[in-house]
Amino acid sequence: YSYALLNQYFGLGFWTCLPLAALLAGTFGFLLGFPVLRLRGDYLAIVTLGFGEIIRVLALSDLLKPYFGGAQGILEIPKPVIGGLTLLTSQYLYYLILLGCLVAIFISWRLSDSRVGRAWIAIREDEVAAELSGVPTTWIKLLAYALGAGFAAVAGAFFAAKLSYTNPNFFLFMESCIVLCIVVLGGVGSIPGIIIAAFVLIAAPEVFRGLENFRMLAFGAIMTTMMILKPEGLIPASRRRRELHEDLASSPKD
């Protein structure tokens, strides 16, 4: 929507809108992070999912229809242009999106081993202990919200450019659930695991499209099985694997 609105009202091109969209989304992510700073775990996930649904409903409302287009959305979003060549076909866009994914993977990998990444891990494990150790938990958590929103904005700009239009029905609650399932299935903190899980959960419904009515049942069965047999995910991060297996080894047995 940032790309669509900036292009519609200011006539800006794709490459100009891309960093601006990331900046705008990061700012909103930063601001929305303030009300939920005291929440943790499942409660944090529920509230952030709720914010996503609120934004979708607002985009559908009559109040914002003059700007967001209501249920129809925004049409005629232009394709990216490189050196005077407009990327009209899905093939060219595929390579551009693949390059963007590789850049995102590289940034995520570098962040995971940085001081900020270690601070995120410390907060995930024990926020109170991290704060007592000198980690500025408030700003580090807000940075996570801002970066996550910025990554999502870049992906959304490519998504809108590929389809040449956007509307709120693309962003249903089920889409957020699928993203959450990808993270859990692949393994928290594991970049290779999440990539494989994304292929599995996005490609499998297309292969078994005839069983669409049983999609939620299949997702539930997969997630339950993973939680019982392999709670660390398909390709877990080494730190996460050690934590879970040490907990299992130290737990009393019947």
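The preceding data block contains the structure.
Quick caveat: nothing in here was measured; it's all calculated off a predicted structure. Throughout this description, residue numbers start from 1 for each chain and increase along the sequence as written. Under the rules for a predicted model, residues below a pLDDT of 70 receive no local features and side-chain atom pairs below 80 are neither given nor counted, while totals for whole chains, interfaces and linings still include all residues. Calculated side-chain values reflect all of the structure's heavy atoms, with hydrogen atoms and water omitted.

**Here we look at the overall build of the protein chain**
Thought 1: The number of helices and strands found in the protein chain is 12 helices and 2 strands.
Thought 2: In the protein chain, the succession of helices and strands from N to C terminus is α-α-α-α-β-β-α-α-α-α-α-α-α-α.
Thought 3: Using C-alpha atoms as the atom set, the radius of gyration is obtained and then compared with a globule rule of 2.2 Å times the number of residues to the power 0.38. Taken over C-alpha atoms, the radius of gyration comes to 20 Å for the protein chain, in line with the 18 Å a tight globule of 254 residues would show.
Thought 4: Taken along its principal axes, the extent of the C-alpha atoms in the protein chain is 65 × 50 × 40 Å.
Thought 5: When each of the 254 residues of the protein chain is scored for burial, the buried share is 28%.
Thought 6: Distance between charge centres in the protein chain, computed from 19 positive and 17 negative side chains, equals 5 Å. Under the scheme used here, helices are H or I runs from DSSP no shorter than 4 residues and strands are E runs no shorter than 2 residues, and both carry numbers assigned from the N terminus. A 1.4 Å probe rolled over the protein chains alone gives each residue an accessible area, and that area as a share of the maximum for its type sets the label: buried under 20%, exposed over 50%, partly exposed in between. Positive charge is attributed to Lys and Arg, negative charge to Asp and Glu, and no charge count is given to His or to the chain ends. Just so you know, the charge point we use is NZ for Lys, CZ for Arg, CG for Asp and CD for Glu.

**Quick notes on the side chain of asparagine 167**
Thought 1: Locating asparagine 167 in the fold gives a position in the loop between helix H8 (137–163) and helix H9 (173–186).
Thought 2: Taking the relative accessible area as the measure of exposure, asparagine 167 reaches 9% and is therefore buried.
Thought 3: A polar contact of 2.8 Å, which involves the side chain of asparagine 167, links it to the backbone nitrogen of asparagine 169.
Thought 4: Residue contacts are counted whenever heavy atoms from the two residues lie within 4.5 Å of one another. Ignoring any residue separated from it by four or fewer positions in sequence, one finds asparagine 167 in contact with Tyr1, Ala71, Gln72 and Gly73. N or O atoms closer than or at 3.5 Å make up a polar contact, with two conditions inside protein: a donor-capable atom paired with an acceptor-capable one, and, for residues adjacent in sequence, both atoms drawn from side chains.

**A closer look at the side chain of serine 190**
Thought 1: Topologically, serine 190 is positioned in the loop between H9 and helix H10 (191–207).
Thought 2: Discounting chain neighbours no more than four positions away, the residues touching serine 190 are Ile235, Pro236 and Ala237.

**Comments concerning the environment of phenylalanine 151**
Thought 1: With respect to the helices, strands and loops of the structure, phenylalanine 151 is situated in helix H8.
Thought 2: Here the alpha-carbon distance between phenylalanine 151 and alanine 104, two residues 47 residues apart in the chain, equals 7.7 Å.
Thought 3: Apart from the residues lying within four places of it in its own chain, the contact partners of phenylalanine 151 are Ala104, Ile107 and Ser108.

**Regarding a nonpolar patch on the surface**
Thought 1: To count toward a patch, a residue needs a relative accessible area over 30% and no salt bridge; like charges are then connected within 9 Å, while nonpolar side chains (Val, Leu, Ile, Met, Phe, Trp, Tyr) are connected within 5 Å. Computed with a 1.4 Å probe, the accessible areas rest on the Shrake-Rupley method; for each residue, only the protein chains presented here act as cover. In what follows, salt bridge is the name for a side-chain nitrogen of Lys or Arg lying within 4 Å of a carboxyl oxygen of Asp or Glu. Together, Tyr94, Tyr95, Leu98, Leu102, Ile105, Ile195 and Phe199 make up an exposed nonpolar region whose accessible area comes to about 700 Å².
Thought 2: Looking at the nonpolar patch, the element that brings in the most residues is helix H5 (residues 90–112), giving 5 residues.
Thought 3: Mapped onto the elements of the fold, isoleucine 105 is located in helix H5.
Thought 4: The exposure class assigned to isoleucine 105 is partly exposed, which follows from its relative accessible area of 30%.

**Structural notes on the packing of aromatic side chains**
Thought 1: Here a pair means two rings of Phe, Tyr or Trp (six-membered ring of Trp) with centres within 6.5 Å. Their orientation is stacked below 30 degrees between planes, edge-to-face above 60, and tilted elsewhere. In the structure shown here, the tally under the stated rule is 11 aromatic pairs.
Thought 2: Relative to phenylalanine 158, the ring of phenylalanine 14 has its centre 5.2 Å away and its plane inclined at 65 degrees; by these criteria the two rings are edge-to-face. Placement of phenylalanine 14 in helix H2 (residues 14–33) and of phenylalanine 158 in helix H8 is noted, with a sequence separation of 144 residues between them. As far as the burial class goes, phenylalanine 14 and phenylalanine 158 line up, both buried.
Thought 3: Seen from their ring centres, phenylalanine 30 and tryptophan 139 are 6.0 Å apart, and the 20 degrees between their planes marks the pair as stacked. One end of the pair, phenylalanine 30, is in helix H2; the other, tryptophan 139, is in helix H8, and 109 residues separate them in sequence.
Thought 4: Relative accessible area serves as the criterion here: at 26%, phenylalanine 30 is assigned to the partly exposed category.
Thought 5: Within the aromatic cluster, the residues linked to one another by ring pairs are Tyr3, Phe14, Trp15 and Phe158.
Thought 6: Whether a charge lies above a ring is judged from NZ of Lys or CZ of Arg, which has to be within 6 Å of the ring centre and within 35 degrees of the ring normal. Over the ring of tryptophan 109 we find arginine 110, and its NZ or CZ is 5.9 Å from the ring centre.

**Comments concerning the pattern of salt bridges**
Thought 1: Across all of its chains, the model carries 2 salt bridges by this definition.
Thought 2: In this structure, arginine 56 and glutamate 53 form a salt bridge, with 2.7 Å as the shortest nitrogen-oxygen distance. Note that arginine 56 and glutamate 53 are positioned in helix H3 (residues 41–60) at a spacing of 3 residues, about one turn of the helix.
Thought 3: You can call arginine 56 buried: its relative accessible area is 15%.
Thought 4: A relative accessible area of 25% places glutamate 53 in the partly exposed class.
Thought 5: A salt bridge links lysine 141 to glutamate 127, with the shortest nitrogen-to-oxygen separation between them at 3.2 Å. Taken together, the residues span a long stretch of sequence, with lysine 141 in helix H8 and glutamate 127 in helix H7 (residues 127–132) at a distance of 14 residues. With respect to burial, lysine 141 and glutamate 127 carry one shared label: buried.

**Observations regarding H9**
Thought 1: For H9, with 14 residues, the first-to-last C-alpha span of 20 Å sits near the 20 Å given by 1.5 Å per residue.
Thought 2: Of all the positions in H9, only Ile178, Cys181, Ile182, Leu185 and Gly186 are classed as buried. Taken end-on, H9 shows its buried residues confined to a sector of 110 degrees, consistent with a single buried face.
Thought 3: Once H9 finishes, glycine 187 follows within two positions and takes phi at roughly 120 degrees, a positive value. One less than the residue count of a helix, multiplied by 1.5 Å, gives the span that helix is expected to have. The directions from the helix axis to the C-beta atoms are what the arc is built from.

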